[in-house]
Amino acid sequence: MKLLVVCARPPWPPTMADAMTVERMLRFLSARGHAVDLLCFTEHEAATRALRAGLAGACREIESVELPRWRSYASTALTLPLALPMQVQYYRSREMRRAVERRVARGGYDAVYTHLIRMAEYTRRLPVAKLLGVQISQALNLGRMHAHSASPLRRLFYRIEAAKVRPYEAAVCADYERVLLCGAADIRAIERSAPIPNARICPHGQDIPPLERVRAAQRVPGSIVLSGVMSTYTNVDAACWFAREVFPLVERRVPEAKFWIVGRNPQRAVRALQRESKVTVTGEVPDVHEWLCRAQVAVAPLRIGAGMQNKIVQAMACELPVVATSVANEGIGAKPPAQILLCDDPRAMADAVVGLLRDAQARRAIGAAARELVEAHWSWDANFERLEGWLEEAVAMRGARQSASAPAVPATR
């Protein structure tokens, strides 16, 4: 197939979850013999050069449209009264619209894949087979942000954006042959506004370190790890909630307990959690698996979020038993108590963590079952093979509709 991939953020370097997903997808589709072109935004010329150098072997053609951050902020502010979600307005660009239309007019694409609803205005009406990687229900995610934010200004922002997103994401899904989401909870959330019979569950994968590496690592007694990009509001809230509400309960019963917060760009609230020998905030690390392979227990104490949580799959791939909230497990569906432990209040979570720290046999059993789950369902290839099938299905659906609507040719005598 000849494919055009349209996304907001450049997928190189793959430092954010959405960038990593697109980067791995491009490499997979290219390796399968598809001709893949990429069209995305960059903020400046240096980012454009890095994108071309990093993905030169994965794409046939790479085109970017520079969109400085100041212009995005201005566009969002000026269009605040409009019905479109602010995240859509943030990426508003005449240059991008022209680039998409020009490429489709001359590209002869079999299908266009769009990553996230923030780019849907550029592709939803194209006369070609289309897939939309919705990933998560933004309305569900924003609703949880509104419920847990302590800032009145943030709560107002989340309430306004949720009200805009809720009807928009359901409406835009109807314009694509297939829409892909990470989990059933996200589909149910969108269907509160309108049915989406074209939705399919297709989460992204994760890198799986070799089992020999995992089992050769020395686990540090009492070590508890939380990984993720520590600049996102969901992870900041999770780290702070666990450090303040759960970890003190663990420390009283396990004096050697220590909490590692591993992830790039920790915000001030996360950095403030640092306590010598007890709470370590690492910032960006060369390889998150180094920390996951040395820990005894992983936690995913998310109160806010939707879709698939990479942090859980990464920990499971390292044979780590995970203690998580129900919200964090929604997009993964690991079965408690064999594959994961689920707790939604501080005392229950502390009890679960303490139990694992004290029970090596339970850690090994849950960690091994978690690793098996990841190997069976959460590799990049397993999910991208499904995506490839739905791309082919979308092309066939588009072709069938065009054939059905074509005028009949009168018979000749």
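Everything below is about the structure printed above this text.
Q: Help me out: how do you make sense of the overall build of the chain in this one?
A: Within the chain, the regular secondary structure consists of 17 helices and 13 strands. In terms of C-alpha radius of gyration, the chain reaches 23 Å, essentially the compact-globule figure of 22 Å for 413 residues. For the chain, the C-alpha atoms occupy an extent of roughly 90 × 45 × 45 Å along the three principal directions. Counting the 413 residues in the chain, one finds 56% classified as buried. Accessible surface for the chain amounts to roughly 18000 Å². Of this, 54% is attributable to carbon and sulfur atoms.

Q: Explain the pairing of strand 4 (residues 111–115) to me, please; I cannot follow it from the model alone.
A: Look at any regular strand and the pattern is simple: side chains alternate between the two faces of the sheet. Most of strand 4 sits out of view: 5 of its 5 residues are buried. Where burial is concerned, the two faces of strand 4 agree: the one with Ala111, Tyr113 and His115 and the one with Val112 and Thr114 are both buried. Looking at chain direction, strand 1 (residues 2–7) and strand 4 are connected through 4 bridges and run parallel. By the bridge assignment, valine 6 is partnered in strand 4 with threonine 114.

Q: It is not clear to me how the packing of aromatic side chains should be interpreted in this structure. Could you clarify?
A: Aromatic rings in a pair are described by how distant their centres are and how their planes are angled relative to each other. With the rule as written, the count across this model stands at 11 aromatic pairs. Arranged with centres 6.3 Å apart and planes meeting at 65°, the rings of phenylalanine 41 and tyrosine 122 form a pair that is edge-to-face. Taken together, the positions of phenylalanine 41 in strand 2 (residues 35–42) and tyrosine 122 in the loop between strand 4 and strand 5 (129–135) put the pair 81 residues apart, joining distant regions of the chain. Each of the two residues, phenylalanine 41 as well as tyrosine 122, counts as buried. Between the aromatic rings of tyrosine 90 and tyrosine 91, the centroid separation amounts to 4.9 Å while the plane-to-plane angle is 70°, which identifies the pairing as edge-to-face. Among the aromatic residues, ring-to-ring pairing joins Phe41, Tyr73, Tyr90, Tyr91 and Tyr122 into one connected group. For the cation-ring pair, lysine 2 lies above tyrosine 109, with the distance from its terminal atom to the ring centre recorded as 5.8 Å.

Q: Teacher, can you tell me more about the pairing of strand 5 here?
A: Counted residue by residue, strand 5 has 7 buried out of 7 residues, so it is predominantly covered. Judged by which residues are buried, strand 5 turns out to be covered on both faces: Ala129, Leu131, Gly133 and Gln135 on one side and Lys130, Leu132 and Val134 on the other are all buried. Sheet topology places strand 4 next to strand 5; 5 bridges connect them, and they run parallel. Bridge pairing in strand 5 places threonine 114 opposite leucine 132.

Q: I'm lost on the state of the cysteines in this one. Help?
A: In a disulfide, the sulfur atoms of two cysteines are held together by a covalent bond. For the structure on display, the rule yields 0 disulfides. Distance from the sulfur of cysteine 59, which forms no disulfide, to the nearest cysteine sulfur (cysteine 40) is 8.8 Å. Among the residues examined, cysteine 59 registers a relative accessible area of 9% and is labelled buried. The cysteine cysteine 202 is free of any disulfide, with cysteine 182 supplying the nearest cysteine sulfur at 8.2 Å.

Q: Looking at this model, I keep getting lost on a positive patch on the surface. Mind explaining?
A: Positive charge collects at one region of the surface, where Arg92, Arg94, Arg97 and Arg98 lie side by side. Within the secondary structure layout, arginine 98 lies in helix 5 (residues 94–107). Among the residues examined, arginine 98 registers a relative accessible area of 51% and is labelled exposed.

Q: Any chance you could explain the sheet that holds strand 9 (residues 258–262) here in plain terms?
A: Two orientations exist for strands paired in a sheet by backbone hydrogen bonds: parallel and antiparallel. With respect to topology, 6 strands assemble into an open sheet ordered 10-9-8-11-12-13, the strand pairing being parallel. Of all strands in the sheet, those with a lone pairing partner are strand 10 (279–283) and strand 13 (341–342), marking the two edges. Strands strand 8 (223–227), strand 9, strand 10 and strand 11 (297–300) of the sheet are contacted by helix 10 (residues 233–253), whose axis makes an angle of about 170° with strand 9.

Q: I tried to follow the nonpolar core on my own but got confused; where do I start?
A: When a protein is soluble and globular, its nonpolar side chains tend to lie buried together. Judged by nonpolar contacts, the single largest core of 34 residues is most densely connected at Ile224, Phe242, Val250, Phe259, Ile261, Val323 and Val353. At the level of elements, strand 8, helix 10, strand 9, strand 10, strand 11 and helix 15 (346–358) are the ones that each hand at least two residues to this core. Ranked by residue count, the leading element in this core is helix 10, at 10 residues. Residues contacting phenylalanine 259, with those up to four places away along its chain left out, are Ile224, Leu226, Ala239, Phe242, Ala243, Phe247, Lys278, Val279, Thr280 and Val299. Grouped together as the second largest cluster of nonpolar side chains are 32 residues, Val225, Ala298, Ala317 and Val322 included.

Q: How do you make sense of unusual backbone geometry when you look at a structure like this?
A: As a rule of thumb, non-glycine residues mostly have phi less than zero, and peptide bonds are mostly trans rather than cis. Between tryptophan 12 and the following residue, proline 13, the backbone shows a cis peptide bond with an omega angle of -5°. Mapped onto the fold, proline 13 is located in the loop between strand 1 and helix 1 (17–31). The omega torsion of the bond from proline 336 to proline 337 falls at -5°, within 30 degrees of zero and hence cis. Mapped onto the fold, proline 337 is located in the loop between helix 14 (326–329) and strand 13. Phi is positive for glutamine 135, which is not a glycine, with a value near 70°. Within the element layout of this structure, glutamine 135 appears in strand 5.

Q: Which parts of the structure should I look at to understand the pattern of salt bridges?
A: Close approach of charged atoms lets side chains of opposite charge pair. Under the criterion given, the structure shown has 26 salt bridges. Note that arginine 103 is salt-bridged to aspartate 37, the shortest N-O span being 3.5 Å. Taken as a pair, arginine 103 in helix 5 and aspartate 37 in strand 2 lie far apart in primary sequence, 66 residues in all. Aspartate 37 shares its class with arginine 103; the two are buried. Arginine 275 is the salt-bridge partner of glutamate 251, the closest N and O atoms lying 2.8 Å from each other. Linking glutamate 251 in helix 10 with arginine 275 in the loop between helix 11 (268–271) and strand 10, this pair joins segments that are 24 residues apart in sequence. Since its relative accessible area comes to 37%, arginine 275 is described here as partly exposed. Shared partners join several salt bridges into a network, and the residues in it are Asp37, Arg60, Glu61, Glu63, Arg102 and Arg103.

Parameters at a glance
Residues numbered from 1 in each chain as written. Predicted model: local features only at pLDDT ≥ 70, side-chain atom pairs only at ≥ 80, totals over all residues. Heavy atoms only, no water. Helix = DSSP H or I, 4+ residues; strand = E, 2+ residues; numbered from the N terminus. Rg over C-alpha atoms; globule rule 2.2 N^0.38 Å. Buried < 20%, exposed > 50% of the residue type's maximum accessible area, 1.4 Å probe, protein only. Areas by Shrake-Rupley, 256 points an atom, 1.4 Å probe, with all protein chains shown as cover. Pairing = 2+ DSSP bridges. Phe/Tyr/Trp six-rings, centres within 6.5 Å; stacked < 30°, edge-to-face > 60°. Lys NZ or Arg CZ within 6 Å of the ring centre and 35° of its normal. Disulfide = S-S within 2.5 Å. Patch = residues over 30% accessible without salt bridge, like charges linked within 9 Å, V, L, I, M, F, W, Y side chains within 5 Å. Salt bridge = Lys/Arg side-chain N within 4 Å of Asp/Glu carboxyl O. Lys, Arg positive; Asp, Glu negative; His and termini not counted. Charge placed at Lys NZ, Arg CZ, Asp CG, Glu CD. Contact = heavy atoms within 4.5 Å. Axes fitted to C-alpha atoms, helices over the stretch in contact; angles between N-to-C directions. Core = buried A, V, L, I, M, F, W, Y, C linked by side-chain atoms within 4.5 Å.

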